[in-house]
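This is what each chain is made of:
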Amino acid sequence: MTSPTYTQDLTQTANVYKLISLLYGPPTDGLEEILTLSEQTLVNLKPELIPIVNEMKTLSDSKSKLEDLTVDYAKLFIGPFDLLAPPYGSVYLEGQRRVMGDSTVKVLQFYRQAGLNLSDEFKEPPDHIVTELEFMYYLIAKHIETGDKQWLVMKEEFFNNFLSPWIKDFSIRILENARTVFYKNLAQLTLGLIS
């Protein structure tokens, strides 16, 4: 039997992965709500990171700031030219700056091993940062739901083999290339929570 504190800590950890994944999506009017939930989640988990989240809230609270974030988001993660911080694991793991390498196929196999298939509507490669973070959330949530430790074993294996090896380099590229403090703070938050 697991203790309520253990379950609460796991739930908060799962929520961190989900919330960070949402912050790596395109900027929307819902950013403030996501950041408020992040702040509430960090109170017991990592209170020292709350000032970073608070600053992010002030940087996303108007239409003009949202436009600045959208431009920075596109330059960092979409293009149209050279991606400043490619959000794909294969770019970092393969060492050739290419998307959809062997590591991408292995990530997809890992998803399938966990019983998941990507939707046909999903247009990003399987090793996109948002997808990998949501997968971490899913694995923890499955453990909480079932009590089966296999999900935590899978989480550790996925983290060690597919997320941890590139998340620091990815975050550093954001820190070096972001024009907005919001995305610099997101990179610091990522490093503080995940790396």
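Residues numbered from 1 in each chain as written. Predicted model: local features only at pLDDT ≥ 70, side-chain atom pairs only at ≥ 80, totals over all residues. Heavy atoms only, no water.

Participant: Any chance you could explain the overall build of the chain here in plain terms?
Facilitator: When its secondary structure is counted, the chain shows nine helices and zero strands. What you see in the chain, going N to C, is helices and strands ordered as α-α-α-α-α-α-α-α-α. Whereas a compact globule of 195 residues would reach a radius of gyration of roughly 16 Å, the chain reaches 17 Å, a difference of no more than 12%. Counting only C-alpha atoms, the chain reaches 50 × 40 × 30 Å along its principal axes. Taken over 195 residues, the chain has a buried fraction of 46%. A sequence separation of at least 24 residues applies to 64% of the contacts in the chain between residues at least 6 apart. Total accessible area on the chain stands at roughly 10000 Å², and carbon and sulfur atoms take up 52% of it. Within the chain, one finds 18 positive and 26 negative side-chain charges whose respective centroids are separated by 3 Å. (Helix = DSSP H or I, 4+ residues; strand = E, 2+ residues; numbered from the N terminus. Rg over C-alpha atoms; globule rule 2.2 N^0.38 Å. Buried < 20%, exposed > 50% of the residue type's maximum accessible area, 1.4 Å probe, protein only. Contact = heavy atoms within 4.5 Å. Areas by Shrake-Rupley, 256 points an atom, 1.4 Å probe, with all protein chains shown as cover. Lys, Arg positive; Asp, Glu negative; His and termini not counted. Charge placed at Lys NZ, Arg CZ, Asp CG, Glu CD.)

Participant: Where do I start with the packing of helix α3 (residues 50–58) against helix α9 (residues 181–193) in this structure?
Facilitator: The geometry of a pair of packed helices is captured by two quantities: the angle between their axes and the separation between those axes. Two elements in contact, α3 and α9, have axes separated by 9 Å at closest approach and are oriented at 155°. One way to sum up the angle between α3 and α9 is to call them roughly antiparallel. Between α3 and α9 lies a crossing whose hand is left-handed. In this structure, α3 uses Ile52, Val53, Glu55 and Met56 to contact α9, whose residues at the interface are Val181, Phe182, Asn185, Leu186, Gln188 and Leu189. Residue classes in the contact of α3 with α9 are distributed as seven nonpolar, two polar and one charged. (Axes fitted to C-alpha atoms, helices over the stretch in contact; angles between N-to-C directions. Parallel < 35°, antiparallel > 145°, perpendicular 65-115°, else oblique. Left-handed = near helix turned anticlockwise from the far one by under 90°. Nonpolar A, V, L, I, M, F, W, Y, C, P; charged D, E, K, R; others polar.)

Participant: Would you mind showing me how to read the packing of helix α7 (residues 129–146) against helix α8 (residues 150–177) here?
Facilitator: Closest axis-to-axis distance for the α7/α8 pair is 10 Å, and the angle between their directions is 155°. Here α8 runs roughly antiparallel to α7, going by the angle between their axes. Here α7 and α8 pass one another in a crossing that is left-handed. Of the residues in α8, those touching α7 at Ile129, Glu132, Leu133, Phe135, Met136, Tyr138, Leu139, Ile140, Lys142, His143 and Thr146 are Trp151, Leu152, Met154, Lys155, Phe158, Phe159, Phe162, Leu163, Trp166, Ile167 and Phe170. Residues of the contact of α7 with α8, tallied by class, amount to 17 nonpolar, two polar and three charged.

Participant: Where do I start with the packing of aromatic side chains in this structure?
Facilitator: Working definition: an aromatic ring pair is given by the centre-to-centre distance plus the angle between the planes. Counted under the stated rule, the structure contains 19 aromatic pairs. Measuring from ring centre to ring centre gives 6.3 Å for Tyr73 and Tyr183, while their planes differ by 45°; the resulting arrangement is tilted. In this pair, Tyr73 is assigned in helix α4 (residues 63–78) and Tyr183 in helix α9, connecting sequence segments 110 residues apart. Judged by centre distance (5.8 Å) and plane angle (70°), the rings of Phe110 and Phe162 are edge-to-face. Of this pair, Phe110 sits in helix α6 (residues 102–113) while Phe162 sits in helix α8; the two residues are 52 residues apart in sequence, bridging distant segments of the chain. A relative accessible area of 10% places Phe162 in the buried class. (Phe/Tyr/Trp six-rings, centres within 6.5 Å; stacked < 30°, edge-to-face > 60°.)

Participant: Please clarify how the pattern of salt bridges should be interpreted in this entry.
Facilitator: For side chains of opposite charge, pairing can occur when their charged atoms come near one another. Counted by the stated rule, this structure contains four salt bridges. For Lys18, the salt bridge identified is with Glu134, shortest N-O distance 3.5 Å. Taken together, the residues span a long stretch of sequence, with Lys18 in helix α1 (residues 4–23) and Glu134 in helix α7 at a distance of 116 residues. Judged by its relative accessible area of 27%, Lys18 is partly exposed. A salt bridge links Glu39 to Lys57, with the shortest nitrogen-to-oxygen separation between them at 3.0 Å. Taken as a pair, Glu39 in helix α2 (residues 31–45) and Lys57 in helix α3 lie far apart in primary sequence, 18 residues in all. When its relative accessible area of 17% is taken as the criterion, Lys57 is described as buried. (Salt bridge = Lys/Arg side-chain N within 4 Å of Asp/Glu carboxyl O.)

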